[in-house]
Structures are given as structure tokens and as C-alpha cells.
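The primary structure of each chain is shown beneath.
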Amino acid sequence: MSPHITIKDIAKAMGCAPSTVSRALNNSPNISPSVREAIQAYAREHNYRPNEFALSLRNNRSNTIGVILPQMVHSFFASVLSGVEKTASAAGYNILVAQSNENYEKEVSIIEAFRKAKVCGVIASLAKTTSDYTHFRRLIDEEVPLVFYDRICTELNTSRVVVDDYTGAFAAVEHMIVTGCRKIAFFTSPLHLEISKNRRNGYVDALRKHRIEVCNEMIHECDTRYEARQLTLQLIAQEDRPDAFFAVNADTAAGILYACKDAGLRVPEDVSICGFSDNETARSTEPRLSMVDQPGEAVGEGAMELLLAKIDGNEEKLVYKNKIVKTSLILRGSTREVE
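Anyway, here's the lowdown on the structure attached to this text. (Residues numbered from 1 in each chain as written. Predicted model: local features only at pLDDT ≥ 70, side-chain atom pairs only at ≥ 80, totals over all residues. Heavy atoms only, no water.)

## A word on the overall build of the chain
Along the chain, the regular secondary structure elements total 13 helices and 12 strands. Burial statistics for the chain: of 339 residues in total, 51% are counted as buried. The contacts in the chain between residues at least 6 apart in sequence include a share of 74% that link residues at least 24 apart. Entry remark: accessible area of the chain is about 15,500 Å², with carbon and sulfur atoms responsible for 47%. Each charge sign in the chain was given a centre, from 40 positive and 44 negative side chains, and these centres are 3 Å apart. (Helix = DSSP H or I, 4+ residues; strand = E, 2+ residues; numbered from the N terminus. Buried < 20%, exposed > 50% of the residue type's maximum accessible area, 1.4 Å probe, protein only. Contact = heavy atoms within 4.5 Å. Areas by Shrake-Rupley, 256 points an atom, 1.4 Å probe, with all protein chains shown as cover. Lys, Arg positive; Asp, Glu negative; His and termini not counted. Charge placed at Lys NZ, Arg CZ, Asp CG, Glu CD.)

## Concerning the packing of aromatic side chains
What the rule picks out here adds up to 8 aromatic pairs. Ring-pair connections join several aromatic residues into one group, and the members of that group are Phe186, Tyr203, Phe246 and Phe276. The ring of Phe276 carries the charged tip of Arg199 above its face, separated from the ring centre by 3.7 Å. (Phe/Tyr/Trp six-rings, centres within 6.5 Å; stacked < 30°, edge-to-face > 60°. Lys NZ or Arg CZ within 6 Å of the ring centre and 35° of its normal.)

## Digging into unusual backbone geometry
Following Val267, the chain continues to Pro268 via a peptide bond in cis, the omega torsion being 15 degrees. Locating Pro268 in the fold gives a position in the loop between helix H11 (250-262) and strand E9 (272-276). In this structure, the amide linkage connecting Glu286 to the following residue, Pro287, adopts the cis form with an omega of -5 degrees. On the secondary structure map, Pro287 appears in the loop between helix H12 (280-284) and strand E10 (290-293). In this model, Lys118 sits at a positive phi of 55 degrees, which is unusual for a non-glycine residue.

## With respect to the sheet that holds E10
Strand pairing in a sheet is mediated by backbone hydrogen bonds. Such pairs are either parallel or antiparallel. Spatially, 6 strands are ordered E7-E6-E8-E9-E10-E12 in an open sheet, and the strand pairing comes out mixed. Each edge of the open sheet is held by one strand with a lone partner, namely strand E7 (219-221) and strand E12 (328-330). Each strand of the sheet is rotated relative to its neighbour by a mean of 20 degrees, with strand direction disregarded. Summarising the sheet, strand E8 (residues 244-247) and E9 pair through 4 bridges and their orientation is parallel. When the bridges of E9 are listed, Ala247 appears paired with Gly275. Most of the contacts of helix H10 (residues 225-236) go to strand E6 (residues 184-188), to which it runs at about 160 degrees, and overall it touches E6, E7 and E8. (Pairing = 2+ DSSP bridges. Axes fitted to C-alpha atoms, helices over the stretch in contact; angles between N-to-C directions.)

## Digging into the sheet that holds strand E2 (residues 94-99)
Strand order across the open sheet formed by 6 strands is E2-E1-E3-E4-E5-E11, with parallel pairing between neighbours. Strands at the two margins of the open sheet, each flanked by one partner only, are E2 and strand E11 (322-325). Direction aside, neighbouring strands of the sheet carry axes that sit 15 degrees apart on average. Across 4 bridges, the pairing between strand E5 (residues 159-163) and E11 is parallel.

## What to know about the pairing of E5
With 5 of its 5 residues buried, E5 lies for the most part within the structure. Neither face of E5 is open: one carries Ser159, Val161 and Val163, the other Arg160 and Val162, and all of them are buried. The pairing of strand E4 (residues 146-149) with E5 spans 3 bridges and is parallel. Within E5, the position partnered with Val147 by the bridge is Ser159.

## Concerning the nonpolar core
In terms of nonpolar packing, the biggest core is built from 67 residues, with Ile65, Ile184, Phe187, Tyr203, Phe245 and Phe246 touching the most fellow members. Ranked by the residues each element gives to this core, the list is headed by helix H13 (residues 296-311), at 7 residues. Setting aside residues no more than four positions away along its own chain, Phe187 makes contact with His220, Cys222, Ala228, Leu231, Thr232, Leu235, Phe245, Phe246, Ala247, Val248, Thr252 and Ile256. In this structure, Ile68, Phe114, Val144 and Ile152 belong to the second largest nonpolar core, which totals 19 residues. (Core = buried A, V, L, I, M, F, W, Y, C linked by side-chain atoms within 4.5 Å.)

## Considerations on H10
The first and last C-alpha atoms of H10 sit 16 Å apart over 12 residues, in line with the 16 Å expected at 1.5 Å per residue. Taken as a whole, H10 has its buried residues at Ala228, Leu231, Thr232, Leu235 and Ile236. Down the axis of H10, the smallest arc covering the buried residues is 125 degrees, so these residues share one side. Against the buried residues of H10 lie E6, E7, E8 and H11. (Expected span 1.5 Å × (residues − 1). Arc of directions from axis to C-beta.)

## As for the pattern of salt bridges
Considering all chains together, one arrives at 16 salt bridges under this definition. One salt bridge connects Glu142 with Arg115, and the closest N-O pair in it is separated by 2.5 Å. Taken as a pair, Glu142 in the loop between helix H7 (134-141) and E4 and Arg115 in helix H6 (residues 104-116) lie far apart in primary sequence, 27 residues in all. The closest approach of N and O atoms between Glu194 and Lys197, which form a salt bridge, is 3.8 Å. In this pair, Glu194 and Lys197 are both assigned in helix H9 (residues 194-209), 3 residues apart and thus about one turn of the helix distant. Classification of Glu194 by relative accessible area gives partly exposed; the value is 22%. Classification of Lys197 by relative accessible area gives partly exposed; the value is 36%. Where salt bridges share partners, they join Asp278, Glu280, Arg283 and Arg332 into one cluster. (Salt bridge = Lys/Arg side-chain N within 4 Å of Asp/Glu carboxyl O.)

## Points about the packing of H6 against H7
Helix packing for two helices is described by the angle between their axes and how far apart those axes are. Between H6 and H7, the shortest axis-to-axis distance is 9 Å and the interhelical angle comes to 20 degrees. Judged by the angle between their axes, H6 and H7 are roughly parallel. Of the two elements, H6 crosses H7, and the hand of that crossing is left-handed. Only His135, Phe136, Arg138 and Leu139 of H7 make contact with H6, whose side of the interface consists of Tyr104, Glu107, Val108, Ile111 and Arg115. Classifying every residue of the contact of H6 with H7 by side-chain character gives 5 nonpolar, 1 polar and 3 charged. (Parallel < 35°, antiparallel > 145°, perpendicular 65-115°, else oblique. Left-handed = near helix turned anticlockwise from the far one by under 90°. Nonpolar A, V, L, I, M, F, W, Y, C, P; charged D, E, K, R; others polar.)

So this is what it looks like as C-alpha cells:
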């Protein structure tokens, strides 16, 4: 076998993940002794040599991963962080967590702090206000491995982890259509974000599949509970009011629900409501909210695994991967049942 065997080659031969091989070769106590010894023996037998670039990168940087969350209060981002931390810890890395609070300037300052701390990699989700990516491009120029998750940047060559926003939105809207809804409003996050584009496409395609006219006046940038409550009251006061709402998150869906109840509308008999990103809020309302579930922990684990592949040198510098995590539609009392 070639003397240039990689961690990825070993993982394929041993039937395990590259991150498991990396941890075994670094004598991680989180890998069982038998597995660790088997992997190390295979590596010796096939003349494995660590990637020199990866070694030099590690020697000049800390053993810390920088992680940016747009907002810590969102349960989705909290679960992403849990997945990152669990995978990082098993591989022997620490994490440094910062919150952009949906602010571009704050995001820039976080990246600068990470650079000064000489983190060995960064996992990030964009703030809603970010449209200039110079600060991330600087990381790439300095050969600091970078992985985006959820709110990704398509203008930069990086690995990315996203949930299947399109399919999740399509499934939610189609369910409301087949249960009798025809005037479905969509409350979305800013439309320059990739997740918003994908969810809008899912919404639009579900309408078109069922020959329902796509009306731009039914699409609104609205992603907080307060804004949703105010906007919903305006929309349902109109003569030609929506008979359903698809919301970008659980808080927005809850705001829609409270507005409908305040106006004396029955949910789901008069108005159906479904949101994206299931959490405790969705499970605590009356009626409980139907939601598209996006498994945040799996997103975090996937992002960390892609980053480890770069840091540990088992992937070429110019190889980038997109990982898509599947969603599932959870039906509860805020949407009608299929007859």
C-alpha cells in the first residue's frame, strides 16, 4: 500500500469514522483500548505518517475550537453547541463559545478575538445582519479551518452543515394544503440568508404543486414573537385573511397563535399554524404547535467532525464537504388532521 495512507483510508479499512481513527492515534481515553490498539496496529503496518501540514498547524495553534452562536437563548443553537462540545471533548479539544447576538460588528470582533487566541479551527453560524464576509475570509487566508452551520456563507469555499430546510418547509406547507388550507402566510427570517431562501423555495413549490397562486403579499420578514403577534393581528383583521401560517421558528409561531386566540379565532378549525425548529415553547402552548424538527445536536456533531477532518489532516486543504441533516414533521394540535 502507498506510504501516503491517510486517516480517511484507515477509517474505511477499519469500518469506523475518521474522527475515531484520529482519537485512537492520539491515544484518547474515550476510545476503548481494543479499538485503539487495533487502529494503531493497522496504521503501523501500513506505514501511516501524520500530515505534516496538520502537525505544523497544530504546533502553532492552541487546542481550542472557536464556536459562534447567533443567540444562545434559542434551543436549536443550544443543542448545536451540545453536539459540538460532545464531539470536541471526545477528540481531546476544548471549545471557546461566543454569541454574536445577531450583530455583524460583534461577529467581527469575535473572529478577531479567536485569531488572537490562535484557535485551531472555527465553527460559525452567521448573524442575521452579516452581508460582508471579510472577517471570515481572513481566517481562510491564514489557513484556519472554518466550518459554517445552519446560516451558511455560499460565497466562501468552506465545509458546511445545514438541515434540509427546503424539504422541511415543503412538507409543512403541503400538509396544511391537503388539510384544506389555501391562503397560507409565511413569516420568515431575512431573505438574504440561505436558510430563508431554501424555506421560501419549499413554501413556494408546495403551493405550485397544488396549483395555488404564489402571492408575495403573503410572505413577510418576521421572526420574533412580538413582531408576529402584531403582524398577525393586522392580517387576520383583513377581509381576505390567511387561513394558515407557516413560521420560521417556535417563538414566531407562538406569537401567531396568541394573536389568533386574542381575535377569537379557533386553532386549527379557523386557522392552522406550523413552525420550524421544535422546542419546549412549541410543546407548551394550547393547542401545542405542529413543528418541523431540526436535530441541532446532529448539526453540531456533523460540523465538528468536518472540522476535525481538516485539523487532523485526513482531508486535503481544498476539499470541502456539504452535510445535510434531515428534518421531520411533528404534527400536533395547531394543524388539522388529514381526513
